[in-house]
Amino acid sequence: MAAGQAYSEEKGGSSSLGEPEYGHDPASGGIFSSDYKRHDDLKEMLDSNKDSLKLEAMKRIVAMIARGKNASDLFPAVVKNVACKNIEVKKLVYVYLVRYAEEQQDLALLSISTFQRGLKDPNQLIRASALRVLSSIRVPIIVPIMMLAIKEAASDMSPYVRKTAAHAIPKLYSLDSDQKDQLIEVIEKLLADKTTLVAGSVVMAFEEVCPERIDLIHKNYRKLCNLLIDVEEWGQVVIINMLTRYARTQFLSPNQNESLLEDSAEKAFYGSDEEDTKDAKAEATSLVKRKPYVMDPDHRLLLRNTKPLLQSRNAAVVMAVAQLYFHLAPKAEVGVIAKALVRLLRSHSEVQYVVLQNVATMSIKRRGMFEPYLKSFYIRSTDPTQIKILKLEVLTNLANETNISTILREFQTYIRSMDKDFVAATIQAIGRCATNIGKVRDTCLNGLVQLLSNRDELVVAESVVVIKKLLQMQPAQHSEIIKHMAKLTDNIQVPMARASILWLIGEYCEHVPKIAPDVLRKMAKSFTNEEDIVKLQVINLAAKLYLTNSKQSKLLTQYVLNLAKYDQNYDIRDRARFIRQLIVPTEKSGALNKYAKKLFLAQKPAPILESSFKDRDHFQLGSLSHLLNAKAVGYQELPDWPDEAPDPSVRNVEVPEWTKCTSREKRKEKVEKPFYSDSEGESGPTESADSGEGLGSMVESGKGDWDWWDQWPLSPRMAAGHMVLPMGLCSCSCPHVVVTMGLCLWGCSRVAVPLRCPHGTVACQGSANCFSSPPLCPAVTPPPPQPVPSSNIVSTSLVTDLEGLTLTDTSLAPALLSPAFGSVRTYELLHRMTGEGLSVEYCFSRRPFPHDPHMVAVQIQISNNTDAEVKSLRISEPKPLSGMRIQEFPEIESLAPGDTASVVMGIDFCDSTQAANFQLCTHTRHFYVSIQPPVGELMAPVFMSENEFKKEQGKLTGMSEITEKLTLLEKCRSDHAIVQQVTSAANVGRVPCGADNEYRFAAKTVTSGSLVLITLEKREGAAAQLTVNSEKMVIGTMLVKDIVQALVQ
């Protein structure tokens, strides 16, 4: 016995503190150990009076649990220490009890009074642990105690304890669902909690207990949206999923009127036939009755507050935001999620699998969203097979006429892979591409036919199956391919491929009348050795040949049917009897015999090769049900959009009176401070920082009483004799926001001048000193003159006001604006007939856009040619292509009959001439319009010396240099005419040049800042040579064409 004990201690015991083993392993003593002696040392330490020994024992026990060891037999010894005064021991005891309370419920119940005392402990961790242990005891008799504990914890001062109370709610609900009403009261209370620690947990409890009670969310909706960014990651996932379902019940679909409006606009423009007049009138009437879609501010709040989470490090959070945008956002805004999802493809293969499943579903309906990231879905050799197949699915969904050649080249590489399942999926993907894109069908078919000579039987077999489906679309044109496939029956042994060949020969036997009977003869020889699927197709082939060529195949058919009659498979026996009665005329065959040909040789529709992800979008993206393509336990259906928006006022929360008074007093204190003071340099920035709100946020928040106006520094400031106005305010001191900002029309590059305010047009009053006094609105009496500080005092707040404006040398200012403003070409955006009396024109003003230097400023002139006032003129639902950005102009509240308004918007075209699409909306109508820039408007002039020009030109040679010879018209040979024509074709600045017969111009693209250098060299007579140097080759080529056209025509 002593030897056994020594062996046990040597193997399982821990006699010294330096050894890594904690406690005794249940099996550590081998066959000599005794169960009743397990963990004796730990039990002794727990029973001692020294806290240090108890703490050491608890550490060893928790370490055992962490390593997966069973420590349940220590429960009586541990539970006695729940009343220990040492806080560290008590924490570890509660950790142990949370783990084993469910298994040892009877013993845990004996200590329930101690747990209740723990709920009153001054330490928040002990209170939370006591509640966690209490909720883990799954005995119905203590439900009232648990309910009382949860209610008390929900009012605890510590947010950690309130979070634990939220976690305990689902446990109590699963134990006794009759407590639902009381638990809902606790949930309602916790939902009103303003701490981020509680938010995620209480929403999880809400989802488990009462997901149908959306009325609990109304008052807390805005708070949850605003707290979302600071909630822990898993709480963010739960809240976003809940808010997705909430938004689907409370807001209108942002895409509901899109298709209707597009169809209507097209018919209104083109539909001039008399027979369409009635339909057009009916549709116009229905559109007038239907209110134009305006996104609910709360809907916009949700989209705006979740967008930053696309940059989260947690893949689940990014996926949750992606599904929210896919299900809730307007089509034009869904594209923002593409980049975030592509980023997740660099994660582990498990994350990639889930993301690609969702991308495959999204790419069916939102193909354009992922097209810019096509290369991110190319397959790596190290990818697992599941990832490869999903990437193939996405590539196939993204295939279109533009990129199909690139994708097919990729597929050619994939076919040579050693992964057979992947190769088979690639061949199927080629078939789908051929089905969806008609112009490459023949190319794909020829490629698949070449694969029939591959050494790998699986590749050949999969090719046969796909070719069979493609040939059904155009069988008459491909009889040679059918003949070629008929020869493969001797070599291919894969049952599915053999069956496909036989079906193809039987279906189109009239195209191969000589080969078909011979194939039947060969198959009859090997009939008994074939697989069932092949036997069924042999019977079908025999029947079809009997009906079309009975002279050659009658005996063969009878032979095959006799073989099938005695086959082991009853399906084959039944099929043989059925076909014999159908095709062979007898006295008992009946009327069906007459229709045998129609039954067997009826024209069959070509199969539609569809994605397996086509119908998965009815499941909420990112859910387990979507992943499995089957409804999982606990899945909640995504609600349909309502036909009419529910009352939005249910989300309004009353602000207490004392809060309002305090903010009002603060505002008055700020207004009383004089703008011009002795310490202006100190007070200016402080005031603006304290206000906490910019003009844009003030206007957006809808503060209609204009109290914020008094806070804003309206007074003009003087610097070097030029007037600088606060950005975005009317110069006439009226409470209106200036619609558009621009540079001074007289060429002063330092001055920001409002072009328009609601009272009338602001016009420049002289060019000598360019606004030595503030420009005034015609409808307002001029204000008294303001004191002007000396020019050598410049406040820090003035620097803030001037931020973003380019301060250039005055000598360069005229050259900067060298193109004559009056000669700028105007384009029509909306014809007065299409716009029902509203006409819109636009031009590229060639001025820097003040809000963003990477945007092209587009000046828009809106004229109201109707007899009625047009209200709420604005841009809605911009639909720029990937990478493009649109900065809308502020809403024009009203436009009187006969009036014209001039506004400026900014567009980042990404150095491309593709059109920017958006909606121009009034209070009654939406008009789909687009702005397409000439290549010359995508650049801004650059000023450089002759040496700098030559140095930069030397760097841009080879493929970056485009040369064109031309013959100048007689009227375009003078210096003035050449410069005028070049600068009218492109927004460029002239560069000094020493040679008389050479003209140089320079510019840089607005978005990327790439240099564009133009050289025009006059030669003998009217001959000339134009050279454009730019790293943007497409821009260079198009620019050469435009300049040549301007000089020649």
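Going by an unreviewed UniProt entry, the protein chain carries the name AP-3 complex subunit beta and comes from Apteryx owenii.

1. Here's the deal with the overall build of the protein chain
Within the protein chain, the secondary structure is distributed over 44 helices and 20 strands. Expressed as a percentage of the 1049 residues in the protein chain, the buried residues total 48%. Intrachain contacts of the protein chain at a sequence separation of at least 6 include 64% that bridge at least 24 residues. Accessible surface, the protein chain: about 53,200 Å² in total, of which carbon and sulfur atoms supply 52%.

2. Details of the environment of C993
Considering the arrangement of structural elements, one finds C993 in the loop between β17 (989-991) and β18 (998-1005). The sequence separation of C993 and S945 amounts to 48 residues, and the corresponding C-alpha distance is 8.6 Å. Apart from the residues lying within four places of it in its own chain, the contact partners of C993 are E946, E998 and R1000.

3. With respect to the packing of aromatic side chains
Counted by the stated rule, this structure contains eleven aromatic pairs. Here Y96 and Y100 contribute two aromatic rings whose centre-to-centre distance is 5.0 Å and whose plane-to-plane angle is 45°, an arrangement assigned as tilted. Highlighted residues: Y96 and Y100, both in helix α5 (residues 87-100), separated by four residues, approximately one helical turn. An identical accessibility class is assigned to Y96 and Y100; each is buried. The interplanar angle of 80° and the centroid separation of 5.8 Å between the aromatic rings of Y842 and F844 together place this pair among those described as edge-to-face. Across this residue pair, the class does not change: Y842 and F844 are buried. Each residue in the set F75, Y96 and Y100 is aromatic and connected to the rest through ring pairs, giving one cluster. The ring of Y100 carries the charged tip of R99 above its face, separated from the ring centre by 4.5 Å. Geometry around Y221 places R651 over its ring, the cationic atom sitting 5.8 Å from the centre.

4. A short note on the side chain of Q953
Secondary-structure assignment places Q953 in helix α42 (residues 946-955). With relative accessibility at 18%, the residue Q953 sits in the buried group. Residue contacts for Q953: discarding those within four places in its chain leaves L1013, T1015 and N1029.

5. Some words on the packing of helix α10 (residues 159-175) against helix α11 (residues 180-191)
Orientation of α10 relative to α11, taken along the N-to-C sense of each, is 155°, at an axis distance of 11 Å. In this view, α10 runs roughly antiparallel relative to α11, as classed from their interaxial angle. Remark: the crossing between α10 and α11 carries left-handed chirality. Here R162, A166, I169, L172 and Y173 of α10 lie close against α11, whose contacting residues are K180, L183, V186, I187 and L190.

6. Some thoughts on the pairing of strand β12 (residues 900-908)
Burial of β12 is extensive: eight of the nine residues sit out of reach of the surface. Note that strand β8 (residues 856-864) and β12 share eight bridges and pair antiparallel. When the sheet's bridge partners are listed, S863 is paired in β12 with T900. Here three bridges tie strand β10 (residues 885-887) to β12, and the two strands are oriented antiparallel to one another. Of the residues in β12, the one forming a bridge with Q887 is G906.

7. Section: the packing of helix α24 (residues 404-414) against helix α25 (residues 420-436)
It is at 10 Å that the axes of α24 and α25 come closest, and there the two elements cross at 155°. In terms of orientation, α24 lies roughly antiparallel with respect to α25. Viewed along their axes, α24 and α25 form a crossing whose handedness is left-handed. Contact residues: α24 offers I404, F411 and Y414, while α25 offers F422, V423, T426, A429, I430 and C433. Looking at the contact of α24 with α25, its residues break down into eight nonpolar, one polar and no charged.

8. Observations regarding the sheet that holds strand β6 (residues 826-830)
Reading across the sheet, the five strands line up as β6-β7-β8-β12-β10 and stay open at both edges, with antiparallel pairing between neighbours. The strands lining the two open edges of the sheet, one partner per strand, are β6 and β10. Shown here is a sheet whose adjacent strand axes are inclined to one another by a mean of 30°, direction ignored.

9. Some words on helix α8 (residues 124-136)
Residue pairs spaced three or four apart in an α-helix point in one direction, given the helix's 3.6 residues per turn. Between its terminal C-alpha atoms α8 stretches 18 Å, which fits the 18 Å expected from 13 residues at 1.5 Å a residue. Summarising burial for α8: ten of the 13 residues are buried, a large majority. Three or more residues of α8 are buried, namely I126, R127, A128, S129, A130, L131, V133, L134, S135 and S136. At the N-terminal boundary of α8, the capping side chain belongs to N123, with an oxygen 2.7 Å from the backbone nitrogen of L125.

10. A word on a nonpolar patch on the surface
Nonpolar side chains collect at one region of the surface, where L592, Y595 and L599 lie side by side and expose about 310 Å² of accessible area between them. When you line up the elements, Y595 lands in the loop between α33 (570-583) and α34 (596-600).

11. What to know about the pattern of salt bridges
A full pass over the atoms with the stated rule returns 33 salt bridges. With a closest N to O distance of 3.1 Å, R60 and D41 form a salt bridge. Of this pair, R60 sits in helix α3 (residues 51-66) while D41 sits in helix α2 (residues 40-47), placing them 19 residues apart in sequence. By relative accessible area, which is 6% here, R60 ends up buried. Between R846 and E937 there is a salt bridge, and its shortest N-O distance comes to 3.0 Å. You can see R846 sitting in strand β7 (residues 838-848) and its partner E937 sitting in the loop between β14 (926-931) and β15 (939-941), a full 91 residues away along the chain. For R846, a relative accessible area of 16% corresponds to the buried category.

Reading the values: rules and limits
- Counting starts from 1 at the beginning of each chain's written sequence and moves along it residue by residue.
- Under the rules for a predicted model, residues below a pLDDT of 70 receive no local features and side-chain atom pairs below 80 are neither given nor counted, while totals for whole chains, interfaces and linings still include all residues.
- Only hydrogens and water are set aside when side-chain values are computed; all heavy atoms of the structure are taken into account.
- Here a strand is any run of E in DSSP of at least two residues, a helix any run of H or I of at least four, and the numbering for each starts at the N terminus.
- Each residue's exposure class comes from its accessible area (1.4 Å probe, protein chains only) as a fraction of the maximum for that residue type: buried when under 20%, exposed when over 50%, partly exposed otherwise.
- In what follows, a contact means two residues having at least one pair of non-hydrogen atoms within 4.5 Å.
- Accessible areas in this description were obtained via Shrake-Rupley with a 1.4 Å probe; residue shielding takes into account the shown protein chains only.
- Planes of paired rings set the category: under 30 degrees apart is stacked, over 60 is edge-to-face and the rest tilted, where pairs are Phe, Tyr or Trp rings (Trp by its six-membered ring) whose centres lie within 6.5 Å.
- We call a charge positioned over a ring when the NZ of a Lys or the CZ of an Arg lies within 6 Å of the ring centre and within 35 degrees of the ring normal.
- Lines fitted to C-alpha atoms define the axes here, with helix axes fitted over just the stretch in contact, and angles between the N-to-C directions of these axes take values from 0 to 180 degrees.
- Angular relationships are summarised with four words: roughly parallel below 35 degrees, roughly antiparallel beyond 145, roughly perpendicular across 65 to 115, and oblique for the angles in between.
- If you view the pair so one helix is near and one far, a crossing is left-handed when the near helix is turned anticlockwise from the far one by less than a right angle, and right-handed when it is turned clockwise.
- In this scheme, strands are said to pair when DSSP sees at least two bridges between them.
- Each residue receives one of three labels: charged for Asp, Glu, Lys and Arg, nonpolar for Ala, Val, Leu, Ile, Met, Phe, Trp, Tyr, Cys and Pro, and polar for the others, Gly being one of them.
- By definition here, a helix of n residues has an expected span of 1.5 Å times n minus one.
- Definition of a polar contact: a pair of N or O atoms within 3.5 Å, with one able to donate and the other able to accept a hydrogen when the atoms are protein atoms, and with sequence-neighbouring residues admitted only if both atoms are side-chain atoms.
- Patches here: salt-bridge-free residues with over 30% relative accessible area, like charges joined within 9 Å, nonpolar side chains (Val, Leu, Ile, Met, Phe, Trp, Tyr) joined within 5 Å.
- One side-chain nitrogen of Lys or Arg within 4 Å of one carboxyl oxygen of Asp or Glu is enough to make a salt bridge.

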